[in-house]
Amino acid sequence: MSNTIVHVTDDSFEQEVINSELPVLVDYWAEWCGPCKMIAPVLEEVAANFEGKLKVCKIDVDSNKEAAAKYNVRGIPTLMVFKGGDAQATKVGALSKTQLEEFVTGAI
C-alpha cells in the first residue's frame with residue numbers, strides 16, 4: 001500500500017475528509033468485495049497522478065458503519081468526491097483508470 005492513500009475511520013473522517021484543504025476522493029470498500037480489490041491499484045495510480053491536487057482516502061465500511069450510513073452508501077465500492085466538506089459527486093461500482101480520472105477531473 002502506498003503512502004499516497006490515507007486510511008480513515010469514523011473517528012478520523014471529519015479531520016481527514018471534511019476538514020481537508022484539498023478535494024478528497026473517498027473509496028468506501030470492504031475486505032470481501034471483489035470489485036473493491038480490482039480498483040485498488042487504479043486508486044493507487046490516481047492518487048499518485050493527482051498528488052498535491054487531490055487527497056485519496058479509503059474507509060472500510062464493515063468497521064466504520066457511521067460514515068457509510070451518513071452518506072447513504074448502499075453498494076461498494078462507492079467513490080465520493082468531497083470538496084469544502086461537502087460530497088460533490090458519487091459513483092458506485094468499479095471504474096477503469098480512465099473513468100476514474102474523468103470522474104475526479106470533473107468533480108475537482
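Look above for the structure.
Residues numbered from 1 in each chain as written. Predicted model: local features only at pLDDT ≥ 70, side-chain atom pairs only at ≥ 80, totals over all residues. Heavy atoms only, no water.

## Focus on the pattern of salt bridges
- In this structure the tally under the stated criterion is 4 salt bridges.
- In this structure, lysine 58 and aspartate 27 form a salt bridge, with 3.0 Å as the shortest nitrogen-oxygen distance. Taken together, the residues lysine 58 in strand β3 (residues 55-60) and aspartate 27 in strand β2 (residues 24-29) connect sequence positions 31 residues apart.
- For aspartate 27, a relative accessible area of 0% corresponds to the buried category. (Salt bridge = Lys/Arg side-chain N within 4 Å of Asp/Glu carboxyl O. Helix = DSSP H or I, 4+ residues; strand = E, 2+ residues; numbered from the N terminus. Buried < 20%, exposed > 50% of the residue type's maximum accessible area, 1.4 Å probe, protein only.)

## Details of helix α4 (residues 97-107)
- Those residues of α4 lying buried are Leu100, Phe103, Val104 and Ala107. An end-on view of α4 places all buried positions within 95° of arc, on one side of the element. Projecting away from the buried face of α4 at angles above 90 degrees are the exposed residues Thr98, Glu102 and Gly106. (Arc of directions from axis to C-beta.)

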